[in-house]
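Results of the structural survey
Given next are the chains, with one letter for each unit.
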Amino acid sequence: MSDLQREIRRRRTFAIISHPDAGKTTLTEKLLLYGGAIQLAGSVKGKAAARHAVSDWMELEKQRGISITSSVLQFEYDGYCINILDTPGHQDFSEDTYRTLMAADSAVMVIDAAKGIEPQTRKLFKVCAMRHIPIFTFINKMDRESRSPYDLMEELEKEFGIGTYPMNWPIGSGSDFKGIYDRERKEVLAYTQFHAGSRAIHATELGLDETDALSDMLGERLYATLRDDVELLDGAGYDFDRELVQSGDLSPVFFGSALMNFGVEQFLHSFLDLTTPPLPRLSQGEAVDPEKEPFSAFVFKIQANMNKAHRDRIAFMRICSGRFERDQEYLHVQSGKVIRLAQPQQMMAEERQIINEAYAGDIIGVFDPGIYSIGDTICTKEKRLCYEGIPTFAPEHFAAFERKDTMKRKQFETGIRQIAQEGAIQIFHEPNSGLEEVIVGVVGVLQFEVLEYRLKTEYSTEVRRRDLPYENIRWITSRTDPSTLLLTRDSKWVQDFKGNDLLLFGGEWNIPYCQKQNPGLELAEFSRQ
Ligand code: G4P
């Protein structure tokens, strides 16, 4: 095996997704602890807070004390090189969160055992399902009062329409949470002690038939329940199927407590074993083998103003094949320009570093002089590739923006267009209306504030915002003349700035109604262009 193959095969690149507060940060932190990337629990949040305080990145972010941006963490564990794509934890997440999933090879979905599936999990799951990437479920907070594990599994299957396979089973819950039963190794991991801040947890591994020891440790009642549960699960007769996991049709489910560090190590082991190294991705319909082809990557995120003094933009790329080398000349396919990436950066657990090389599966950030757009391909001059674009996701909140100062037309238009190019907002206009206002669509309402703030600070333009009552948007995919459509009062025809026709709706129910009123009208929820 060549060095290149070895490096690529040991890479695992995944995103952790959850509804806010389910425990994503806590789980990420525990994974980093196992990798030795951080020394103490609590440092992830601590570091993030410290970074906010010293960095100049977005006053707004500081003021609200939240993380608008998402980052990438890389660490080593057990011979693997792990890239975790972190997604914003705040309720007001943005399209970036969705796009991050485009760069991942699998996803870990963290669910709060007391709450089950929550709205944000639902949205993120849809995107994972669209890509058919493996989805691993970690049902967290078993140390609190929680819903029945059977109930939770059923909810996942019903709502998401995928199979589930419990890899372990919880023993008790709440203050009675004693540990987990590892179904593969057929043994009980009973935790007798924990230190949230260290990786040393004291688990006693016992076979299910070690009756006396287990009765002692778990108590008669929990031991009896466990035996019944195991009999029921094994009797259900589902076979574990690796292929179904890898095609995203079967989600391995793990129960545990990230805070108490129960079940986290077992999860990490199984996960690393089951998830895949970087897989081929499509370039103009053809699969690009990560090991055989030279360097190629696509841009999935652009972040402006990491440092306000320099007005810089960083483009984040996911490497899809080969090895990246610093200072080499590469081709930016969309502009046809040859570029030299002189200061590629990578986020390690705690800080940004300049790197000299990186491999398929890795994420690098490069300085963007304003040439990159989301979805662009970078590759070698010799082997020209062009990855499929990243879909545009449907925004859910809409507002009309107009400038307060009529003289500021140019700044307003440039600003709003540039910010839209970064992909934080989508912009539309109403055809034939004669209005100068721009309709802005966002995935999370916080983006409206970010937009107002950035127009003011970066483009010296004050704006007026009028919230619009629409909640859904669909791309018109049929050959329909939109001006002839029969629309209700709470629907509207708009165009994006590439001239694509779209419809805005006041509510979900409006969509099938509109299609009924206009036979032949075809609508899409994501747009690939
Ligand atoms: P998020 O990134 O998904 O938003 O969630 P985060 O990890 O920040 O966790 C949200 C809250 O839930 C935190 O408490 C955290 O300590 C707690 N938590 C996470 N995992 C577990 C678990 O397994 N069991 C229990 N009981 N709690 C858990 P907080 O009080 O909001 O924050 P903090 O003051 O502890 O930082």
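Report on the accompanying structure.

**A closer look at the overall build of the protein**
Helices and strands together make up the secondary structure of the protein, namely 14 helices and 33 strands. Relative to its 529 residues, the protein shows a buried fraction of 54%. Residue pairs in contact within the protein that sit at least 24 positions apart in sequence constitute 70% of those at least 6 positions apart. Accessible area of the protein: about 23200 Å², with a carbon and sulfur share of 47%.

**As for the site of the ligand**
Close to the ligand lie 17 residues; Asp21, Lys24, Thr25, Thr26 and Asp143 are nearest. Residue Ala22 places a main-chain N or O atom 3.3 Å away from an oxygen atom belonging to the ligand. One of the side-chain nitrogen or oxygen atoms of Thr26 is found 2.5 Å away from an oxygen atom of the ligand. Here the ligand has 700 Å² of accessible area as a free molecule, and 71% of this is covered by the chains. Ranked by residues supplied to the shell around the ligand, first place goes to helix 2 (residues 24–34) with three residues. Residue composition of the shell around the ligand, by class: four nonpolar, seven polar and six charged.

**Here we look at unusual backbone geometry**
Even without glycine at this site, Asp21 takes up a positive phi of about 80 degrees. Topologically, Asp21 is positioned in the loop between strand 1 (11–18) and helix 2. Given a relative accessible area of 64%, Asp21 falls into the exposed group. You will see that Gln284, though not glycine, has its phi angle at about 45 degrees, which is positive. Its location among the elements puts Gln284 in the loop between strand 12 (281–283) and strand 13 (286–288).

**Thoughts on the packing of helix 12 (residues 409–422) against helix 13 (residues 446–459)**
Here helix 12 crosses helix 13 at 125 degrees, and the two axes come no closer than 10 Å. The angle between the axes of helix 12 and helix 13 places the two elements in the oblique class. For the pair helix 12 and helix 13, the crossing hand works out as right-handed. Where helix 12 approaches helix 13, its residues Gln411, Phe412, Gly415, Ile416, Gln418, Ile419 and Glu422 are matched on the opposing element by Leu451, Arg454, Leu455 and Tyr459. Of the residues that constitute the contact of helix 12 with helix 13, the class distribution is six nonpolar, three polar and two charged.

**Considering the environment of Arg318**
On the secondary structure map, Arg318 appears in strand 15 (residues 313–321). Using a relative accessible area of 0% as the deciding quantity, one classes Arg318 as buried. C-alpha separation for the pair Arg318 and Ser296, spaced 22 residues apart in sequence, amounts to 8.6 Å.

**Points about the side chain of Glu187**
On the secondary structure map, Glu187 appears in strand 9 (residues 187–193). There is a polar contact of 2.7 Å between the side chain of Glu187 and the side chain of Arg185. The contacts of Glu187, once residues within four sequence positions are left out, are Ile180, Tyr181, Asp182, Glu205, Leu206 and Gly207.

**A closer look at helix 11 (residues 264–274)**
Counting buried residues along helix 11, eight of its 11 residues qualify, which places the element largely inside the surrounding structure. Those residues of helix 11 that sit buried are Val264, Gln266, Phe267, Leu268, Ser270, Phe271, Leu272 and Leu274.

Parameters at a glance
- Residues numbered from 1 in each chain as written.
- Predicted model: local features only at pLDDT ≥ 70, side-chain atom pairs only at ≥ 80, totals over all residues.
- Heavy atoms only, no water.
- Helix = DSSP H or I, 4+ residues; strand = E, 2+ residues; numbered from the N terminus.
- Buried < 20%, exposed > 50% of the residue type's maximum accessible area, 1.4 Å probe, protein only.
- Contact = heavy atoms within 4.5 Å.
- Areas by Shrake-Rupley, 256 points an atom, 1.4 Å probe, with all protein chains shown as cover.
- Near = heavy atom within 4 Å.
- Polar contact = N/O pair within 3.5 Å; in protein donor to acceptor, adjacent residues only side chain to side chain.
- Nonpolar A, V, L, I, M, F, W, Y, C, P; charged D, E, K, R; others polar.
- Axes fitted to C-alpha atoms, helices over the stretch in contact; angles between N-to-C directions.
- Parallel < 35°, antiparallel > 145°, perpendicular 65-115°, else oblique.
- Left-handed = near helix turned anticlockwise from the far one by under 90°.

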